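Read off the chains here:
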Amino acid sequence: QKVSVEVLDHLEHLALVDFRDSEGVERLQKAIQFADQLHEVNTEGVEPMDSVLEDRCLYLREDDVTEGNCTKELLENAREKVEEYFVAPPGNIPLPKLDERETFLQGS
């Protein structure tokens, strides 16, 4: 099953994943083929659930704080920090233009 350029663009923006090369597109197509197997399951008359555990009562344990005040030790693990915070990579990745990706889609 071929993936259109528009779908690829939409998925990249949702997942922040770069499908710029043919290997990325091929992996996406294999994942779609794998997920398509779910269409073979008869779900007629089955109500959707919020959770697979919605009919169970979940018991929560008490949280007992046994250690604390270890901010300095934790921040020693940070590659980069600002004040007392870890610095994370930016949320967006640079994405190619739609017409650049068409060449990879044609080759797959």
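Residues numbered from 1 in each chain as written. Predicted model: local features only at pLDDT ≥ 70, side-chain atom pairs only at ≥ 80, totals over all residues. Heavy atoms only, no water.

Caption draft 1: Structural detail: the overall build of the chain. A tally of regular secondary structure across the chain gives four helices and two strands. Seen in sequence order, the chain has helices and strands lined up from the N terminus as α-α-α-β-β-α. At a minimum sequence separation of 6, the contacts of the chain that also span at least 24 residues come to 66%. Here the chain has roughly 10,100 Å² of accessible surface; of this, 52% comes from carbon and sulfur atoms. (Helix = DSSP H or I, 4+ residues; strand = E, 2+ residues; numbered from the N terminus. Contact = heavy atoms within 4.5 Å. Areas by Shrake-Rupley, 256 points an atom, 1.4 Å probe, with all protein chains shown as cover.)

Caption draft 2: Spotlight on unusual backbone geometry. Notably, Asn69 is not glycine yet its phi reads approximately 50°, a positive angle. Among the secondary structure elements, Asn69 is positioned in the loop between α2 (22–36) and α3 (71–75). Located in the positive-phi region is Glu83, a residue other than glycine, with phi close to 55°. Secondary-structure assignment places Glu83 in the loop between β1 (81–82) and β2 (85–86). Of the residues examined, Glu83 reaches a relative accessible area of 69% and is grouped as exposed. (Buried < 20%, exposed > 50% of the residue type's maximum accessible area, 1.4 Å probe, protein only.)

Caption draft 3: Examining a nonpolar patch on the surface more closely. On the surface, Met49, Val52, Leu53 and Leu58 cluster together into a nonpolar patch covering about 410 Å² of accessible area. Note that Val52 resides in the loop between α2 and α3. (Patch = residues over 30% accessible without salt bridge, like charges linked within 9 Å, V, L, I, M, F, W, Y side chains within 5 Å. Salt bridge = Lys/Arg side-chain N within 4 Å of Asp/Glu carboxyl O.)

Caption draft 4: Looking closely at α2. Across its 15 residues, α2 extends 21 Å between first and last C-alpha, which sits within 8% of the 21 Å expected from 1.5 Å per residue. Among the residues of α2, Gly24, Val25, Leu28 and Gln29 are the ones counted as buried. End-on, the buried residues of α2 take up no more than an arc of 135°, which puts them together on one face. Exposed side chains of α2 directed beyond 90 degrees from the buried face belong to Glu23, Arg27, Lys30 and Phe34. (Expected span 1.5 Å × (residues − 1). Arc of directions from axis to C-beta.)

Caption draft 5: Fine view of the pattern of salt bridges. Overall, the coordinates contain two salt bridges when judged by the stated rule. Across the salt bridge formed by Arg61 and Asp63, the nearest N and O atoms sit 2.7 Å from each other. The exposed category is assigned to Arg61, whose relative accessible area is 67%. You can call Asp63 exposed: its relative accessible area is 61%.

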